[in-house]
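What the coordinates show
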Amino acid sequence: MTQTEQQQGIPMPIVTLNRAILLSGVILAGALQQPLITTALFFIILPAVLLGKKASPVFILGTMLFGNGREGEHTESPKLMRFNNAIAALLLALAQLAFLFGQPVAGWALSAIVAGAAAMALGGFCFGCVIFYRFNLERHRLLSRIPTIKR
């Protein structure tokens, strides 16, 4: 992968597709009372979290549908997208554990958090982006306080 490909953002239509898949998947799972659909969602976003956008089924599908994006088109940071997908994957993994241990209310609540965040993001407010920003801000503050050794 070249440096240009690494710096290249994810086209917004693909970001929107990711959010729409998460939202519609959780809604469908809840409507049909089928936790296995949330399991499928977990396995759909897991490759993106572990290996990045090139391994993401949503990115691959989005690229086939929308292309790689055009010069000057709005994009999302791959780091931010991976962070958001990691939060969704964690919540969906916890939901799977809740379903597995006979706690469907907790499983549906965790799944609903994913759907709610995806719906908010589709509406224009990315809650995961706020968490990402705050996380990096606090990390920077913490690391700037650590004394360095002068030689």
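Residues numbered from 1 in each chain as written. Predicted model: local features only at pLDDT ≥ 70, side-chain atom pairs only at ≥ 80, totals over all residues. Heavy atoms only, no water.

Following the criterion strictly, the structure yields 2 salt bridges and no others. Note that Arg134 and Glu138 form a salt bridge whose closest N and O atoms lie 3.1 Å from each other. Within this pair, Arg134 and its partner Glu138 are both found in helix H7 (residues 127-145), separated by 4 residues, close to a single helical turn. For Glu138, a relative accessible area of 35% corresponds to the partly exposed category. (Salt bridge = Lys/Arg side-chain N within 4 Å of Asp/Glu carboxyl O. Helix = DSSP H or I, 4+ residues; strand = E, 2+ residues; numbered from the N terminus. Buried < 20%, exposed > 50% of the residue type's maximum accessible area, 1.4 Å probe, protein only.)

Locating Ala121 in the fold gives a position in helix H6 (residues 104-122). The class for Ala121 is buried, based on a relative accessible area of 11%. Sequence separation between Ala121 and Ala20 is 101 residues; the distance between their C-alpha atoms is 9.5 Å. Not counting chain neighbours up to four residues away, the residues in contact with Ala121 comprise Arg19 and Cys126. (Contact = heavy atoms within 4.5 Å.)

The subject of this paragraph is unusual backbone geometry. A positive phi angle is found at Gln33, which is not glycine, with a value near 55°. Here Gln33 lies in the loop between helix H2 (12-32) and helix H3 (35-51).

With that settled, consider the side chain of Asn18. Within the secondary structure, Asn18 is located in helix H2. Not counting the four nearest positions on each side in its chain, Asn18 is found in contact with Ile45, Val58, Met81 and Asn85.

With that settled, the discussion passes to the state of the cysteines. For the coordinates displayed, the defined rule picks out 1 disulfide. Disulfide pairing is shown between Cys126 and Cys129; the S-S distance is 2.2 Å. A torsion of 80° about the S-S bond marks the disulfide between Cys126 and Cys129 as right-handed. Like Cys126, the residue Cys129 is buried in the burial classification. (Disulfide = S-S within 2.5 Å.)

A cluster of nonpolar side chains, Ile60, Leu61, Met64, Leu65 and Phe66, forms an exposed patch at the surface whose accessible area comes to about 500 Å². Turning to its location among the elements, Ile60 is positioned in helix H4 (residues 57-66). (Patch = residues over 30% accessible without salt bridge, like charges linked within 9 Å, V, L, I, M, F, W, Y side chains within 5 Å. Areas by Shrake-Rupley, 256 points an atom, 1.4 Å probe, with all protein chains shown as cover.)

This part takes up the layout of surface pockets. Its boundaries defined by the atoms lining it, the largest pocket holds a volume of some 320 Å³. What lines the largest pocket is a set of 19 residues, and nearest its centre among them are Asn84, Ala88, Ala117, Ala118 and Gly128. Sorting the residues of the lining of the largest pocket by element identifies H2, helix H5 (78-100), H6 and H7 as the ones contributing at least two each. Its residues assigned to classes, the lining of the largest pocket comprises 14 nonpolar, 4 polar and 1 charged. (1 Å grid on protein atoms, 1.4 Å probe; cavity = no way out; pocket = protein on both sides within 12 Å on 5 of 7 lines; lining within 4 Å. Points joined across faces, edges and corners; volume = space filled by probe spheres on them. Nonpolar A, V, L, I, M, F, W, Y, C, P; charged D, E, K, R; others polar.)

To continue, consider the environment of Ala109. Turning to its location among the elements, Ala109 is positioned in helix H6. Considering only alpha carbons, one finds Ala109 and Ala98, 11 residues apart in sequence, at a separation of 9.8 Å.

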